[in-house]
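Examining the three-dimensional arrangement
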Amino acid sequence: MKKVVLFADPGIDDTFAIVYALSSPELEVKAIVTGFGNVSKEDATENAAFILHVAGREDIPVITGASQPLTGEYEPYYPEIHGEEGIGPIDIPDTFTYEAKPFSHILEVTSQHDDLYFVDIGRNTSMALSFNLYPFIKDSIKEVYLMGGAFLVPGNVTPVAEANFHGDPTATNFVLESGLPVYLAPLNVTQYAQLKEEHVRLLAENSKNPFRSIFLPIFQYYQKAYEKLQPGLEGVPLHDLYTLYFLTNPDKTTIVQKNVQISTEKLTQGFTYADFRDMENNPEANHFININFDYEDFIKNILRRLMGEIKEN
Ligand code: RIB
Ligand code: CA
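Residues numbered from 1 in each chain as written. Chains lettered and ligands numbered in written order. Predicted model: local features only at pLDDT ≥ 70, side-chain atom pairs only at ≥ 80, totals over all residues. Heavy atoms only, no water.

Per an unreviewed UniProt entry, the protein chain goes by Nucleoside hydrolase and derives from Rossellomorea vietnamensis.

With that settled, consider a negative patch on the surface. Judged by side-chain charge, Glu84, Glu85, Asp91 and Asp94 come together as a negatively charged surface patch. In this fold, Glu85 is placed in the loop between α3 (79–82) and α4 (105–112). (Patch = residues over 30% accessible without salt bridge, like charges linked within 9 Å, V, L, I, M, F, W, Y side chains within 5 Å. Areas by Shrake-Rupley, 256 points an atom, 1.4 Å probe, with all protein chains shown as cover. Salt bridge = Lys/Arg side-chain N within 4 Å of Asp/Glu carboxyl O. Lys, Arg positive; Asp, Glu negative; His and termini not counted. Charge placed at Lys NZ, Arg CZ, Asp CG, Glu CD. Helix = DSSP H or I, 4+ residues; strand = E, 2+ residues; numbered from the N terminus.)

It is worth spelling out the coordination of the calcium ion (ligand 2) at this point. Every protein donor of the calcium ion (ligand 2) is accounted for by Asp9 (OD), Asp14 (OD), Asp14 (OD), Ile121 (O) and Asp240 (OD), and the metal-donor separations fall at 2.2 to 2.7 Å. In primary-sequence terms, the residues that donate to the calcium ion (ligand 2) follow D-x4-D-x106-I-x118-D. Residue Ile121 is located in the loop between β4 (116–120) and α5 (125–133), and its partner Asp240 is located in helix α11 (residues 239–248); the two are separated by 119 residues in the primary sequence. We classify Ile121 as buried; its relative accessible area is 1%. (Donors = N, O, S within 2.8 Å, 3.2 Å for Na, K, Ca; no water. Buried < 20%, exposed > 50% of the residue type's maximum accessible area, 1.4 Å probe, protein only.)

Let us now look at the packing of α11 against helix α12 (residues 295–307). The contact between α11 and α12 brings their axes to 11 Å, and the two run at 95°. Taken together, the axis directions place α11 and α12 in an arrangement best described as roughly perpendicular. In contact with Leu241, Tyr242 and Tyr245 of α11, α12 contributes Asp297, Phe298, Asn301 and Ile302. Per-class residue counts for the contact of α11 with α12 are five nonpolar, one polar and one charged. (Axes fitted to C-alpha atoms, helices over the stretch in contact; angles between N-to-C directions. Parallel < 35°, antiparallel > 145°, perpendicular 65-115°, else oblique. Contact = heavy atoms within 4.5 Å. Nonpolar A, V, L, I, M, F, W, Y, C, P; charged D, E, K, R; others polar.)

What follows is about the sheet that holds strand β9 (residues 253–257). Taken in spatial order, the eight strands of this open sheet run β3-β2-β1-β4-β5-β6-β12-β9, and their pairing is mixed. On the outer flanks of this sheet lie β3 (62–64) and β9, each paired with one strand and no other. Each strand axis lies, on average, 25° off the axis of its neighbour in the sheet, ignoring direction. By the bridge criterion, five bridges tie β9 to strand β12 (residues 287–293) in an arrangement that is antiparallel. Bridging across to β12, Thr254 finds its partner in Asn292. (Pairing = 2+ DSSP bridges.)

Examined against the element boundaries, Ile90 turns out to sit in the loop between α3 and α4. In the structure, Ile90 is positioned 131 residues away from Tyr221 in sequence and 10.0 Å away in space, judged by C-alpha atoms. Ignoring sequence-local partners within four residues, the contact set of Ile90 consists of Phe50, Ile214 and Ile218.

Moving on to helix α2 (residues 41–55). For α2, with 15 residues, the first-to-last C-alpha span of 21 Å sits near the 21 Å given by 1.5 Å per residue. Inspection of α2 places Lys41, Ala44, Thr45, Asn47, Ala48, Ala49, Phe50, Ile51, Leu52 and Ala55 among the buried residues, and these make up the whole buried set. Looking at the buried residues of α2, the elements they touch are α1 (12–23), β2 (27–34) and β3. At the C-terminal side of α2, Gly56 shows a positive phi close to 70°. (Expected span 1.5 Å × (residues − 1).)

Neighbouring ligand 1 are 13 residues; Asp13, Asn38, Asn156, Glu162 and Asp240 lie closest to it. One of the side-chain N or O atoms of Arg123 is found 3.0 Å from an oxygen atom in ligand 1. At 2.4 Å, a side-chain N or O of Glu162 approaches an oxygen atom of ligand 1. Relative to its unbound accessible area of 280 Å², ligand 1 is 95% covered by the protein chains. When contributions to the shell around ligand 1 are tallied by element, the ones reaching two or more residues are α1, α6 (163–167) and α11. (Near = heavy atom within 4 Å. Polar contact = N/O pair within 3.5 Å; in protein donor to acceptor, adjacent residues only side chain to side chain.)

Moving on to the nonpolar core. Core analysis: the biggest nonpolar cluster contains 67 residues, and Phe16, Tyr242 and Leu244 have the highest contact counts within it. Discounting chain neighbours no more than four positions away, the residues touching Tyr242 are Ala185, Val189, Thr190, Ala193, Thr253, Asn290, Asn292, Phe293 and Phe298. Val5, Phe103, Ile106 and Leu116 belong to the second-largest nonpolar core, a separate cluster that totals 32 residues. (Core = buried A, V, L, I, M, F, W, Y, C linked by side-chain atoms within 4.5 Å.)

Moving on: the packing of aromatic side chains. In this structure the tally under the stated criterion is 21 aromatic pairs. Between Phe293 and Phe298, the aromatic rings sit 5.8 Å apart at their centres with planes inclined by 90°, giving edge-to-face as the arrangement. On the basis of relative accessibility, which here comes to 0%, the residue Phe298 falls in the buried class. Ring pairs connect the aromatic residues Tyr117, Tyr145, Tyr183, Tyr242, Tyr245, Phe246, Phe288, Phe293, Tyr295 and Phe298, which therefore count as one cluster. (Phe/Tyr/Trp six-rings, centres within 6.5 Å; stacked < 30°, edge-to-face > 60°.)

Within a regular beta strand, the side chains point alternately toward one face of the sheet and then the other, so they alternate between its two faces. With six of seven residues buried, strand β1 (residues 2–8) lies mostly within the body of the structure. Bridge count between β1 and β2: seven bridges; the pairing is parallel. Opposite Val5, over in β2, you have Ala31 as the bridge partner. Read from β1 through α1 to β2, the crossover connection turns out right-handed. Sheet topology places β1 next to β4; five bridges connect them, and they run parallel. Paired with Phe7 across the strands is Asp120, a residue of β4. (Right-handed = clockwise from strand over helix to strand, strands pointing away.)

The following block contains the structure:
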């Protein structure tokens, strides 16, 4: 069982990832830390709390993280992909209330558990801040997983950069230099982790999950955005969902061990730099880049998990 602290900016693909994590017997979500990214921190926080409410898992704390990057630069949100408030067409009722925990609550979570997996599917600002403010929490962490980067392939927000690492490259470098083993799920793999409408229709018809009625409308919203952004795709890349699959199935994927750095220069901001002149592993590097996966296994695994019920505590 992997005990997870999940950093997220929900976000439609974040929503699928959170539901996957809550439905996976291999994972136990101990907290969700929210931050700016696809939407504002406030919307991301409400969305995470709402997802946990629908899942019946209000026992999992929602911790509020960063509202701006460490770069000090304004970062745009992405309503055209994720909707004005982040979960596409889903309108959270005004009557919905929740209580989020302050950032310092991370201390409580890390003091209660060992061997945690810190998994970030958004900008890395909050994780970097947690290592900066409370460096000793690293003793409670086994591995870090990040969705981000694009190695020798085009980016998705600039010609060379992927959105999460572009959003706060200073923070990503801080996490990469934390001394912890960091596993990366870059666009090289997530771009191919595509769900098709037929897959989501299967879920809408057969899932035992409380998200059954939500899966199709949020997927279709996201799909429409991608039809404009990247016309001609057969399916739609679920970047964050893939990252949770990677966390549960690293042995089913191809990983290379190399040192990674992120560009903080204006022109190339967010560019992921690693030496790919050969495919040799660098045994001294602390970074593990996922460069390939078995698509059939991914789809089977995802459908199996999302068909099932939310796990109880
Ligand atoms: O580049 C993809 C990433 O950016 C995903 O985490 C998505 O949710 C957006 O934040
Ligand atoms: Ca995300």
